[in-house]
Every structure is written in C-alpha cells, then in structure tokens.
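The primary structure of each chain is shown beneath.
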Amino acid sequence: MNATRQSTIALQGMDCADCAAKLEKSVRKLEGVVNADVNLISSTLTVDHTGETKPIKAIVRRQGYLRETEDNRFFTRGPTLATIGSALLLALALILPQYTRHLLLAAVVAGGIYPARAGIINLVGNRSFDINFLMTVAVTGAVFIGELGEAATVVLLFALSHNLETYTMGRTRRSIRNLMELAPDYAWLLTDGKEVKTATSALKPDDQIVVRPGERVPIDGEIIDGTSELNLAPVTGESIPVLSTPGQPVYAGIINGSGQLIIRVTRPAADSTLARIVNMVEQASTSKAPVQRFVDRFARIYTPIVMAIAALTILVPPLALGQGWETWLYRGLTLLVVACPCALVISTPVSIVSALGNAAGQGILIKDGSALELAAQTRFIALDKTGTLTSGEPKLAWVEPVSGYTREQVLAIAAAIEAGSTHPLAQAVLNAATHLKVPAAGEHRTLPGRGASARVDNSCVYAVNPTWLAEQNIEHQQPHWKGSLVAIVRDDKLLGWLGFSDTPRPQAAATIQHLHELGIEAIMLTGDNPDAAAEVAAATGIDDYFARLLPEDKLAKINALRSQGGVMMVGDGINDAPALAAADIGVAMGGIGSDTALETAHMALMGDNISKLPFTIGLSRKALKIIRWNIYFAIGIKLLALALIVPGWLTLWMAILADTGAALLVILNSMRLLRWGRQQL
C-alpha cells in the first residue's frame, strides 16, 4: 500500500469560492486522492494522495486553472482584452446601425467565450451548473429569441463584473502576500572577511551576514556584533524601536536602525518566523468558520431548488396554460442567472481572509477562521499572571536562609537547579547568582505547576512553591511576601526562601478597562501565592483572581467558566497548555520566535502586547457583523430578483447585475476589514 503524501499545485485565475469548491470536488473523485483543498489566497491546490500528480494536474488543466509557468499574466490579460473587445463592439453597434446585428453577435462571442468555456468544462467535469454555464445558457436563449442587444449587454456586464471580482480578490491576496515580501531576497554574506551579495534562500544556519543601517533583516538570526535600534513593527505590530545588542535574536522583515549589525543565521529562510506566519495565515484562510459551513449547506440546498423552479417556469405556463413559449423561456433564462449563489458563497471566506490579514499585520496570528468567529463570542478572558499581566522579567528581591545555611549557599543551590531553564523566575535566579560558584547538577526535572528539581552532590534538591511543601508534609513557616515565593529544599529539609518582585505591564490596566467596555469579564489564574495575586489584581483592575493553581486547577476553572459563556485563555503557551487547549480560544503570549506558541494555541500575540486583545475581539466582532450583513444582502437580492420575475419586470441584464454586482459589493464590503481599527492602535 502506497503511503499518503501531500502535493501543492499552483493555480491561475482562481478567484471564486464556488469554483474552488467544484475543483476540489473533481479532484477528490480521483482514485488515490484522500483530500483536496484550494487556497484562494495563495492560489494553490493542496492534495493528499497516494498516486501520481499527473492525473490531478490533468483535471486542473482541463478546468483551466493550472499555472503552467510562474508568469500568470496571460490568463488575466485574456479575459480583460475580451471584455474590452466586447465593449468596443457594443459601442460600434450603437453608432453603425447597418452592422448592428453582426456587431452584437461579435460582442456576445468576444465577451462570452471565456465564461462559456469555463461553464462547459465544469458541466462535463463535475456534472453541475455554475454561474458561467447559467449565463451561457441565458445568453444563448436570448440570441435564439432575437434579444441580441440584451444578450450583448448581459455578456459585457458579466465579463466586467468578473474582471472587477478578480481585481478585488487580487488585492486581498496581495495584502497577505506582501507580508512575505518584507524580507529582502538577498543578504550580505561574510566570506573570508568580505561582504558577498547572496540570495537569502541560499543562507544556512551559522552563516554570518551583515545588515547595514536602514536595511531590513533578511532572515532569522542572532546578533553577534553591533548595537542598533530595531523596528519590529512588520512582525509584531509594535511601532516603538527596541535597542538590540549582541546575544539578542532578530527576525526576518524587521528594520535595522542606525547601527551596523553582524548576525549569525539561526534558521533557513523557508523556516523563518515571517515565513511561518504567512504560511499559517494562508492555511487559516482554507479553514471554515461555523457560519461558513452553514452558508455552504444552504447553498447546496438553495441552488437545485431554484434550478427546479426555473425549469417549471419555462415549461408549466406554455404546456399547462397555453401561454407563449418566448415569454416564459425568457423569464426562465433570467431565473437561471439569478440561481447561482455567488455572493452568498463568497460572503464568508473573503471577510475571514481580510480580517486574518489585518490581524497578521498587527502582530496577531489567528490560526483559523473558527477562532476568529469564536473570539467574537468571548464573555470571559482568563489571564495568567507572570509574563502575561506582568512584565515577565521578575527580579530576585531577597533570599531568606533557614536551617543554618547562608544566603550564598541557598542561592547557589537554586542556580544549580535552574541551570538551563528558560522560566522567568529561573532567569532571575541565574542573573542574581552570576558572581557565585554554582555546584554541578544533573537529572534536571520540571515539576508541572510546582517547580523544578535536580541532583546535587548525590542529594535531591528542589526549587518549588509552597503548595509542594504542603503536599510533601514538610514543616515550614511561610514568610509574608507580596511577590512570588520559591522554597529551596534538599531531600526533605527546607534550606531557605527566595522572594521575587514583578511589575504589571504598563498597558495592563488600560487593557482590562477596555475589555470591560467591551462587556468582557477579566479573571486571573495563577500558580503564585494569594498576596502576589492580590497585588497584581488591584493594580490592573482584574475582576477576580484565583491563586496557587496547579495546571489541572486552571483547567477546572476554564471548564467552569465555559459553562457560563465563551472563554478566552491567555498564557505563555507552555505552562498553561492544558488551559489554553480547553478554552474556546487559547492565546499564546510571546509568539515571536517561539515554536511552542506558534504551534499550540489558536492565536498568538507576536509582540507580547496584551493591549492587542481588545483589538482582536473588536476585529472578530466586526468581521462577524460584516459576514452577517453580506449573507442578508446576498439572500435579500436573490429574493427581490425572484419576486420581480413573476410580473416580468426582471430583465437578463438586471439579473446579471443582481448576481455579479451583489458578489462584487460583498467582496468590497469584506475588504473593509483589511484596514479596520488601525486608528485605535
């Protein structure tokens, strides 16, 4: 049995959600194909299959969507030239009456050749009707009954609307792809002391590159020489430059200030943080929000019903009532044009993609359309304390030894336990112990929700919170300290206490206030002691807090909140993993450069800025509002058009305008989300 593999096929001219669905359906019928998904934004078809790609490409080519070369201009140029030609021929028909019939026929052929080809291909390949085929049938019928002027007008309106639709979808597509273009295509590689211009894609980890003042960083890396202020806005959305020195990470797309930097490459270009952001946004654009799944189900029922009504409209009055065929054929053809739910089908995906692109530009990575919709329903936000509500850079404020140990001995053992750890408290310990001789340690272990342990001089030593002491029945008298407390233990003997101080983030209080204005209740969940939790809660305006929580306790709190409404959990993406996974929306802090944050939660704040939370919720609510408006508008236009058919007021050109015009208005309305809320940031 052949193993399943994944292939990505480049597409051209794919701008319609309904067309994408039909192409997916065709490919999925092939033997050996497990799944097929079209990404409208990246113009690609991703196929999970066991066989060769040749038959897959054959179907894509037959339907006219296979991109044979990287130059995609011909496909878009062809329909554009055809539209211009149709318009010119129609204009000539108006000023050259002696050639009117021939010019109108030529205008119909020029403007209708591309839609007719696409409609016939879809009919043969999928055995289903799309707007191209319906328009072709309607225009052919109009020509047959002598309505040449109306047939030419319908073709021109349809072609013009299709070109405008392609253009507006292209703008949406470029708004996402422009993210990737932030990283330069070349870099200055240091080779034997010389700077050599090299393609970014050719760089390898441990290569050294030079980034000159004012240039963009081409690839992820680490500064090894030089100091400069870096503008992180392209990746994190933060506009204030950050002073960066040797040892600090840099990311593709950020802008160097006035200093020259030498950077050691840490990731290949294809795996840069920026590349992963773009890839995840593109993948998110293929996911379907619940409202979109409803629209798809509705469209599948709606279209055949209207098709049946169209057939009855053409047949029943002439056959049963003896009325004229020409009149009811015309009305039936008009109804066929109205039947295609283009505006309805496209109402959701374009809105979601536009919102995802806006969020990505602000350093907010939303990983799927469902998360965007669920964020709009948030009633509670649960936030971790350390590193989320606070700066995440605690300082070791004091050391209190017991059992005859000295301050230096307690701190040295603590540093031995925390060696190699990236936890904020561990970093504070290691920073405070740089002047001490730290004993060698091994068998390092993390105790989830409690602390860490190691083996030093054949003894088990622990850096743990007071909860662990109580669980182990170790006698202790806990000191009064408003910050975080860590106990240092050897075997079963308490050696001393470490006290840490951490300050709320500058934007924390304003963020909580803004959340309150949105009608959202903010709750803090922390493993820290009640005094530290109370101090941060008071400083930030948190509605409620729960302290000394283990990971399973946080999980229980999230589940309890979910019974009362939608819950968003905000944490560091590692220690809060169970709670992040259990919440309706999990938001990881510290997304920039963090594999864990990028791969786990539903969203990630790339710049550690919790002030983006109200923006995220506001954007999701606006997106949902626009999606609903689009749906109501698309259905309303259809119902109005159907009502106008009965008295014979709806003409073919009005039907085309109702269908393609509605789709165009829906796209333009959705694109407002690309720039929504920028003035708030």
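Residues numbered from 1 in each chain as written. Predicted model: local features only at pLDDT ≥ 70, side-chain atom pairs only at ≥ 80, totals over all residues. Heavy atoms only, no water.

1. Re the overall build of the protein
Now for step 1: Counting its regular elements, the protein contains 24 helices and 25 strands.
Now for step 2: Across the 681 residues that make up the protein, the buried fraction comes to 53%.
Now for step 3: Expressed as a percentage of contacts within the protein between residues at least 6 apart in sequence, the contacts between residues at least 24 apart total 67%.
Now for step 4: For the protein, the computed accessible surface area is about 30,000 Å², with 57% contributed by carbon and sulfur atoms. (Helix = DSSP H or I, 4+ residues; strand = E, 2+ residues; numbered from the N terminus. Buried < 20%, exposed > 50% of the residue type's maximum accessible area, 1.4 Å probe, protein only. Contact = heavy atoms within 4.5 Å. Areas by Shrake-Rupley, 256 points an atom, 1.4 Å probe, with all protein chains shown as cover.)

2. Here's the deal with helix α18 (residues 508-517)
Now for step 1: Among the residues of α18, Ala 508, Thr 511, Ile 512 and Leu 515 are the ones counted as buried. Down the axis of α18, the sector holding all buried residues measures 100 degrees, keeping them to one side. With respect to the buried face of α18, the exposed residues turned more than 90 degrees away are Ala 510 and Glu 517.
Now for step 2: If you follow the buried residues of α18, they end up packed against β14 (378-383), α14 (385-389), β21 (521-525), α19 (530-540) and α23 (612-645).
Now for step 3: Just downstream of α18, Gly 519 is the residue with a positive phi angle, here 80 degrees. (Arc of directions from axis to C-beta.)

3. Overview of the pairing of strand β5 (residues 194-199)
Now for step 1: Sheet topology note: the strand β4 (residues 186-191)/β5 ladder contains six bridges and is antiparallel. Paired with Trp 188 across the strands is Lys 197, a residue of β5.
Now for step 2: Counted between consecutive antiparallel strands, the loop separating β4 from β5 contains two residues, among which Asp 192 sits at a positive phi close to 55 degrees. (Pairing = 2+ DSSP bridges.)

4. Considerations on the sheet that holds strand β3 (residues 44-49)
Now for step 1: The strand order across the open sheet formed by three strands is β1-β3-β2, and the pairing between neighbours is antiparallel. Two strands close off the open sheet at either side, each with one partner strand: β1 (5-10) and β2 (33-39). On average, each strand axis in the sheet is inclined to that of its neighbour by 15 degrees, with strand direction left out of account.
Now for step 2: Judged from the six bridges that link them, β1 and β3 form a sheet pairing that is antiparallel. When the sheet's bridge partners are listed, Thr 8 is paired in β3 with Thr 46.
Now for step 3: Contacts from helix α2 (residues 54-62) reach β1, β2 and β3, with the element oriented near 145 degrees to β3. (Axes fitted to C-alpha atoms, helices over the stretch in contact; angles between N-to-C directions.)

5. With respect to the nonpolar core
Now for step 1: Core analysis: the largest hydrophobic core is formed by 81 residues, its most contacted members being Ile 209, Leu 383, Leu 389 and Met 568.
Now for step 2: Take this core: its biggest share by element is nine residues, from α23.
Now for step 3: Excluding its chain neighbours within four sequence positions, the residues that come into contact with Met 568 are Ala 375, Thr 378, Phe 380, Ile 381, Ala 382, Ile 585, Val 587, Leu 613 and Ile 617. (Core = buried A, V, L, I, M, F, W, Y, C linked by side-chain atoms within 4.5 Å.)

6. Quick notes on the packing of aromatic side chains
Now for step 1: In total, this model carries four aromatic pairs according to the counting rule given.
Now for step 2: Seen from their ring centres, Tyr 186 and Trp 188 are 6.1 Å apart, and the 85 degrees between their planes marks the pair as edge-to-face.
Now for step 3: Here Tyr 186 falls in the partly exposed class, since its relative accessible area comes to 36%.
Now for step 4: With centroids separated by 5.1 Å and ring planes inclined at 10 degrees, the aromatic side chains of Trp 629 and Phe 633 adopt a geometry described as stacked. One end of the pair, Trp 629, and the other, Phe 633, are both in helix α23, four residues apart, so they sit about a helical turn from each other.
Now for step 5: A cation sits over an aromatic face here: Lys 197 above Tyr 186, 4.3 Å from the ring centre. (Phe/Tyr/Trp six-rings, centres within 6.5 Å; stacked < 30°, edge-to-face > 60°. Lys NZ or Arg CZ within 6 Å of the ring centre and 35° of its normal.)

7. Some thoughts on the environment of Leu 81
Now for step 1: Residue placement: Leu 81 occurs in helix α3 (residues 73-95).
Now for step 2: Under the relative-accessibility criterion, Leu 81 is labelled exposed at 52%.
Now for step 3: Placed 30 residues apart in sequence, Leu 81 and Gly 111 show a C-alpha to C-alpha distance of 9.1 Å.

8. Some details on the side chain of Asn 609
Now for step 1: Within the secondary structure, Asn 609 sits in the loop between β25 (603-605) and α23.
Now for step 2: With a relative accessible area of 11%, Asn 609 lands in the buried category.
Now for step 3: Within the structure, Asn 609 has its side chain in polar contact with the side chain of Ser 611 (distance 2.5 Å). (Polar contact = N/O pair within 3.5 Å; in protein donor to acceptor, adjacent residues only side chain to side chain.)

9. Details of the environment of Ala 601
Now for step 1: Counting through the fold element by element, Ala 601 comes out in the loop between α22 (595-599) and β25.
Now for step 2: Judged by relative accessible area, Ala 601 falls into the buried class, the value being 5%.
Now for step 3: In sequence terms Ala 601 and Leu 365 are 236 residues apart; their C-alpha atoms lie 9.8 Å from each other.

10. Side note on the packing of helix α15 (residues 407-418) against helix α16 (residues 424-432)
Now for step 1: Relative orientation of the contacting elements α15 and α16 amounts to 130 degrees, with a least axis distance of 9 Å. For the element pair α15 / α16, the angle class is oblique. Viewed along their axes, α15 and α16 form a crossing whose handedness is left-handed. Along its contact with α15, which presents Leu 411, Ala 414, Ala 415 and Glu 418, the element α16 presents Ala 426, Val 429, Leu 430 and Ala 432.
Now for step 2: The residue inventory of the contact of α15 with α16, partitioned by class, reads seven nonpolar, no polar and one charged. (Parallel < 35°, antiparallel > 145°, perpendicular 65-115°, else oblique. Left-handed = near helix turned anticlockwise from the far one by under 90°. Nonpolar A, V, L, I, M, F, W, Y, C, P; charged D, E, K, R; others polar.)

11. Concerning the environment of Leu 89
Now for step 1: Secondary-structure assignment places Leu 89 in helix α3.
Now for step 2: Among the residues examined, Leu 89 registers a relative accessible area of 22% and is labelled partly exposed.
Now for step 3: Taking C-alpha positions, Leu 89 is 8.7 Å from Ala 110, a pair spaced 21 residues apart along the chain.
Now for step 4: With near-sequence residues (within four places) excluded, Leu 89 lies in contact with Leu 103, Ala 106, Ala 107 and Ala 110.

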